[in-house]
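Understanding the architecture of this molecule
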Amino acid sequence: MIFHITDSESWKRALQTGYYVHPSLKEDGFIHAVKEKQVLDLVEKKFAEAEELVILHIVERRLKDKITFVEEDGEQWPRILSRIPIDAIEDVSVVPKLDDGSFNWDEF
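Mapped onto the elements of the fold, Ile67 is located in strand β5 (residues 67-72). For Ile67, the contacting residues outside a window of four places in its chain are Ile2, Glu60, Pro78, Arg79, Ile80 and Leu81.

Next comes the structure, spelled out in structure tokens:
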């Protein structure tokens, strides 16, 4: 299982079209993803200002050959090389921000 953090509007669009696409696919040639142990670090670095997180739970094997891993700082980081079909997404967690500014990880 790998994870991608997005927003509710992008997720709604994915439900309508049957696949999820992030602008980074066009800009960088891939969609950023993380392993479970990397989620909290990513949120602290890139999503601290978000009011809500929509986390896609993606089954790697359903992406077939459309995923690669790169090593950075001694860790393997997943990169998805195409749009993500809805059937590759096993679950979606909506993680709200609490009044104290932290996220309610009970929802993940």
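Here the largest pocket defines a volume of roughly 560 Å³. His32, Val34, Leu42, Lys46 and Trp77 are, among the 21 residues lining the largest pocket, the residues nearest its centre. Those elements giving two or more residues to the lining of the largest pocket turn out to be β1 (2-6), α2 (23-28), α3 (39-46) and β6 (75-80). Residues of the lining of the largest pocket, tallied by class, amount to eight nonpolar, five polar and eight charged.

Read from one edge to the other, the open sheet built from three strands follows the order β3-β6-β5, with strand pairing classed as antiparallel. Of all strands in the sheet, those with a lone pairing partner are β3 (31-32) and β5, marking the two edges. In terms of strand pairing, β3 meets β6 through two bridges, oriented antiparallel. Each bridged residue has a counterpart across the sheet, and for His32 the counterpart in β6 is Arg79.

Quick notes on the rules
- Residues numbered from 1 in each chain as written.
- Predicted model: local features only at pLDDT ≥ 70, side-chain atom pairs only at ≥ 80, totals over all residues.
- Heavy atoms only, no water.
- Helix = DSSP H or I, 4+ residues; strand = E, 2+ residues; numbered from the N terminus.
- Contact = heavy atoms within 4.5 Å.
- 1 Å grid on protein atoms, 1.4 Å probe; cavity = no way out; pocket = protein on both sides within 12 Å on 5 of 7 lines; lining within 4 Å.
- Points joined across faces, edges and corners; volume = space filled by probe spheres on them.
- Nonpolar A, V, L, I, M, F, W, Y, C, P; charged D, E, K, R; others polar.
- Pairing = 2+ DSSP bridges.

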